[in-house]
Amino acid sequence: MTTIVTRTPAAPKEVVKDASMLKQKQMMAAHYDRLTSAPDTGEKVAATFVPGNLNELMMCFGLVNNLPEVNAIQNGLRRTSGAFVLEAEKIGHSEDVCTYVKSDIGMMAKGNVAPNGKKFPNPDVLLLSYTGCFTFMKWFELLREQYQCETIMLHTPYMGDGKITPNMIEYMVKQLKDEVIPKLERISGVKFDIDRLREYLKKSVKAEDDLVWVLQTAKNKPSPIDAYFGGIYYIGPIFGAFRGTDDAIEYYRFLREEVADRLANGQGPVTPDGDMGKEKYRLVVEGPPNYTNFRQFWKMFYDEGAVVVASSYTKVGGVYDFGFRHDPDRPLETLAEYCLGVYTNRSLPMRIDMLCNYVNDYDADGLLINSIKSCNSFSAGQLLIMREVEKRTGKPGAFVESDLVDPRYFSAANIKNRLESYFQMIEQKRAGARAAAA
Amino acid sequence: MTSATGGIVNRATQLFEDLAFTAPRAWKAAEPGRKVVGYLPIYVPRELIHAAGMLPLGIVGGGDQLEVIHGDAYYQSYICRIPRSTVELGVSGRLDFVDGMLFPSICDVIRNLSGMWRMMFPNVYVRYFDVPQNYRDDIGGNYYVNELAELRHDLGELRGKPITDDELRQSIAAYNENRRLVRQLYAFRAERPWQAPAAEVYLVVRAGLVLPVEAHSAMLRDYLAAARTEERPRRDNCRIVLTGAFCEQPPLNLIKSLELAGCYVVDDDLLLITRWLTSDVPTEGDPLRNLAAAFLHHSESTAAKYEPDLKEKGQHLVRAVRRSGAEGVIFAAPSFCDPALLDRPMLQHVLKDAGIPFIAFKYAENSGQMQPIREQAGTFADSIKLWSGT
């Protein structure tokens, strides 16, 4: 995910700010090299998903983590996903279903080439962390058919009632103890060491603390970060293959220092075109971004002085900003709580509460929803979410539509028109408030 | 319709077409304190609702006769039809007599609808009913027993009195009988599909979504007896299994069109709840354990359920073809139905390996144009006859 940001440093200070970017780039490159070298090094590969990923546990078995969603994102950013989606549809996959899945299937059909130009190895195991998205289950059934490899199911119950119950925790811990861990031991040939897990979890907490600190700096005016477009880079290491590693700790330390510096200097976010100009609009965004036109999409915001101060998508691999941290003293229970708490595993009322909280706490001008055609987990119910958040916060909402990695569903003119109308609506609302106050 | 089956089918048709839910309303009004609990596809343990003295009410969308006005304001164009017509039923007051709603674990859309319902109808008991995707008794089984216990507790609260084990056992017996009758009907249709047309079987089975189980069992018995004695002309149709229609229902005309086009439907996954548990649930012992064991080890396979064994994937469909003597499979999935459409390529690979021909199309519950489907099904029927050499 680091490949798209190619900001040229303009001053010595900028070089310092680039440290986290360079670090992430180096981490990702090393990870893909490790992954594609696995057939030579003999390392075992486990594919798994971002929401509910058990990186610390997988590291206990020396497994190299491959995340199909991240591969699809990479292909979206590189504009290769469109051809992969078409390839999958050609071989029988419906035009109606998730384009992450089709990008992945199409990529496999076209040689399964990683961002470093080398072939992805076949996974030794599919760790199906079935968390917050029904499509995950079908996705790994499809991959299992392709790779003919062992699949381990970890079922995370949905928080339909808005709470985590002891029954849910017990169910998940039992699955971890009696199914997931014994199978990972057998596949990896490594015996499980719970103290090793504890050590990784301790490291996770450090990175989680720094990530939350960074995200919450957006409460300041101007916000020193963009918590959606920029936030997607910030979550990369912790949502991916690095939670629980020294690399992640170092990355988030660099990031924190850089953002602290921007904050101290009263600077706004960094964009692909350099520092953002004057902050005019503060938005909360719900839903994933479009990746095929990511930069163009972002530009529509920063050209208008709009900064995203909080987003739900940056909570899809873990919600940390309401206090949750991995707890090394309860290693399996904490993994269960982590999975249960990810954003898309939360009930609709919980999601609305979170978004209202963001609009209020971050003093946003309103909620913008980017509704994704092929992601029902996010999209089903978003119109009600928008109306409810508007009602509760008194701030206007707006709705745009696109897709994750299918370029056919990105209509730049439509989105730009809607955004411009939305910004005008915010201006009118402000004028109305000023008039009422006068 | 004056035939032996005619009266029964007429009654079932009235129930099917009645978007005001007159029959369940009348059931509720007949005695003070009665309650109705709705549920969406695919499966909820109706025994618990029945044991609380309540009427389980199956909600499978609004069909092709409901004009959706409000429901479309809640959903984007790329989301299937069933949630929007269900919202329409709710917002228009057609479900204002319903005291509780269960939203089973089936897909992200129905899952999220559970939260929407909770917000839109705060006075209604709403529960997202999760089921295990782990099938070990000591893992998924324990989890499921506890989920059942919570539901049992909640329903007991709703009626003001806890549900006893004996009440549950009686309800299990009533639903065992109902499922046996549905299985008999399906077996009869597979044997003599011209005697039990698919549309009739659908209507008679669907009546079970709005009738008390005892009344529905009586209807099934009557229909079976009548269908057995009534001679009807046998067409030169091929025999197919219809699959993918386990949630949003196809229009009745679609089911009729398949047979008119030359395809006898000898098995299907419509209204799967009526035969979800594939064998009787024991009426002795711990009723919740028994229901859990039945779910884990004796329940239908469908796209919403994880199949842990790669070799088993799709075999339920092959078995359905063999069991019913079908010659092919028609995949009919609702537009934008993630589980059915994501599952379809895998099932098709299994059928291909088994040498079973298939076709696929999509529908919506309000699809109006049947001509393309009729043409596709007709061509499929013709090709089956040509391939099979008959």
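Our subject is the structure listed above.
Model, not experiment: these values are computed from the prediction.

K.L.:
Mind laying out the overall build of chain A, listing which residues take part and the relevant values?
P.N.:
The helix and strand inventory of chain A stands at 17 helices and 10 strands. Computed over the C-alpha atoms, the radius of gyration of chain A is 21 Å, within 12% of the 22 Å expected from 2.2 N^0.38 for a compact globule of 438 residues. With respect to the three principal axes, the spread of C-alpha positions in chain A is 70 × 50 × 50 Å. The buried share of chain A, reckoned over its 438 residues, is 66%. Surface accessibility of chain A: about 14,700 Å² in total, with carbon and sulfur atoms responsible for 52%.

K.L.:
How would you summarise the overall build of chain B if you had to cite specific residues and measurements?
P.N.:
Regarding its fold elements, chain B presents 14 helices and 8 strands. Computed over its C-alpha atoms, the radius of gyration of chain B comes to 20 Å, within 12% of the 21 Å expected for a compact globule of 390 residues. Expressed along its principal axes, the backbone C-alpha trace of chain B runs to roughly 65 × 45 × 45 Å. Burial analysis of chain B (390 residues in total) assigns 64% to the buried set. Look at the contacts in chain B between residues 6 or more apart in sequence, and 74% of them connect residues 24 or more apart. Summed over all atoms, the accessible surface of chain B reaches about 13,900 Å², with 50% contributed by carbon and sulfur. The distance from the centre of the 43 positive side-chain charges to the centre of the 48 negative ones in chain B is 2 Å.

K.L.:
I'd like to hear about the pairing of strand E4 (residues 125-129) of chain B, residue by residue, with values.
P.N.:
Residues and elements named next belong to chain B. With 5 of 5 residues buried, E4 lies mostly within the body of the structure. With burial as the criterion, each face of E4 is covered, one bearing Tyr125, Arg127 and Phe129 and the other bearing Val126 and Tyr128. In this structure, strand E3 (residues 100-104) lies alongside E4, joined through 5 bridges in parallel fashion. By the bridge assignment for E4, Leu102 is matched with Arg127.

K.L.:
Can you break down the interface of chain A and chain B residue by residue, with the values?
P.N.:
If you look at the interface, chain A gives 56 residues, while chain B gives 57 residues. Roughly 4,900 Å² is buried in total at the junction of chain A and chain B, and carbon and sulfur atoms are behind 56% of that figure. At the surface where chain A touches chain B, the tally comes to 8 salt bridges. The closest approach of N and O atoms between Asp161 of chain A and Arg118 of chain B, which form a salt bridge, is 2.7 Å.

K.L.:
Account for empty space enclosed by the protein, naming residues and giving values.
P.N.:
Summary: where empty space remains is shown by rolling a probe the size of a single water molecule over the atoms. Residue and element names in this part refer to chain A. Counted according to the given criterion, the structure contains 15 cavities of 30 Å³ or more. As for the largest cavity, its lining consists of 31 residues, of which Pro51, Glu69, Tyr100, Tyr313 and Val316 are closest to the centre. Looking at the lining of the largest cavity, the elements that each hand over two or more residues are helix H4 (68-77), helix H7 (135-147), helix H10 (229-239) and helix H15 (376-379). The biggest single contributor to the lining of the largest cavity is H10, with 4 residues. For the lining of the largest cavity, the per-class residue count stands at 20 nonpolar, 9 polar and 2 charged.

K.L.:
Let's hear about the state of the cysteines: which residues, and what values?
P.N.:
Inspection of every chain in the model, using the stated rule, returns 0 disulfides over all chains. Looking at the unpaired Cys339 of chain A, the closest cysteine sulfur is the one in Cys133 of chain A, lying at 14 Å. Assessed through its relative accessible area of 0%, Cys339 of chain A is described here as buried. Counting only cysteine sulfurs, Cys247 of chain B is the nearest neighbor of Cys107 of chain B, a cysteine outside any disulfide, at a range of 5.9 Å. Taking the relative accessible area as the measure of exposure, Cys107 of chain B reaches 11% and is therefore buried.

K.L.:
Residue-level account of the pattern of salt bridges, with values.
P.N.:
Taken as a whole, this structure holds 71 salt bridges over all chains when the rule is applied. A salt bridge links Glu89 of chain A to Arg408 of chain A, with the nearest nitrogen and oxygen atoms 2.8 Å apart. Within this pair, whereas Glu89 of chain A is found in helix H5 (residues 81-90), its partner Arg408 of chain A is found in the loop between strand E10 (397-402) and helix H17 (412-437), the two being separated by 319 residues in sequence. Here Glu89 of chain A falls in the buried class, since its relative accessible area comes to 19%. In this structure, the salt-bridge partner of Arg34 of chain B is Glu31 of chain B, at a minimum N-O distance of 3.4 Å. With relative accessibility at 44%, the residue Glu31 of chain B sits in the partly exposed group. The network of salt bridges with shared partners includes Asp161 of chain A together with Arg118, Arg127, Glu147, Glu150 and Asp154 of chain B.

K.L.:
Outline the sheet that holds strand E3 (residues 125-130) of chain A, supporting the account with residue identities and numerical values.
P.N.:
What holds strands together in a sheet is hydrogen bonding between their backbones, with the strands either parallel or antiparallel. Residue and element names in this part refer to chain A. Pairing is parallel in the open sheet, where 4 strands are placed in the order E2-E1-E3-E4. A strand with exactly one partner marks an edge of an open sheet, and here the two such strands are strand E2 (64-66) and strand E4 (150-155). Geometrically, the sheet is characterised by an average inter-axis angle of 25 degrees between neighbouring strands, direction not taken into account. Sheet topology places strand E1 (residues 45-48) next to E2; 3 bridges connect them, and they run parallel. When the sheet's bridge partners are listed, Val45 is paired in E2 with Val64.

Calculation rules
Residues numbered from 1 in each chain as written. Chains lettered and ligands numbered in written order. Predicted model: local features only at pLDDT ≥ 70, side-chain atom pairs only at ≥ 80, totals over all residues. Heavy atoms only, no water. Helix = DSSP H or I, 4+ residues; strand = E, 2+ residues; numbered from the N terminus. Rg over C-alpha atoms; globule rule 2.2 N^0.38 Å. Buried < 20%, exposed > 50% of the residue type's maximum accessible area, 1.4 Å probe, protein only. Areas by Shrake-Rupley, 256 points an atom, 1.4 Å probe, with all protein chains shown as cover. Contact = heavy atoms within 4.5 Å. Lys, Arg positive; Asp, Glu negative; His and termini not counted. Charge placed at Lys NZ, Arg CZ, Asp CG, Glu CD. Pairing = 2+ DSSP bridges. Buried area = accessible area lost by both parts, 1.4 Å probe. Salt bridge = Lys/Arg side-chain N within 4 Å of Asp/Glu carboxyl O. 1 Å grid on protein atoms, 1.4 Å probe; cavity = no way out; pocket = protein on both sides within 12 Å on 5 of 7 lines; lining within 4 Å. Points joined across faces, edges and corners; volume = space filled by probe spheres on them. Nonpolar A, V, L, I, M, F, W, Y, C, P; charged D, E, K, R; others polar. Disulfide = S-S within 2.5 Å. Axes fitted to C-alpha atoms, helices over the stretch in contact; angles between N-to-C directions.

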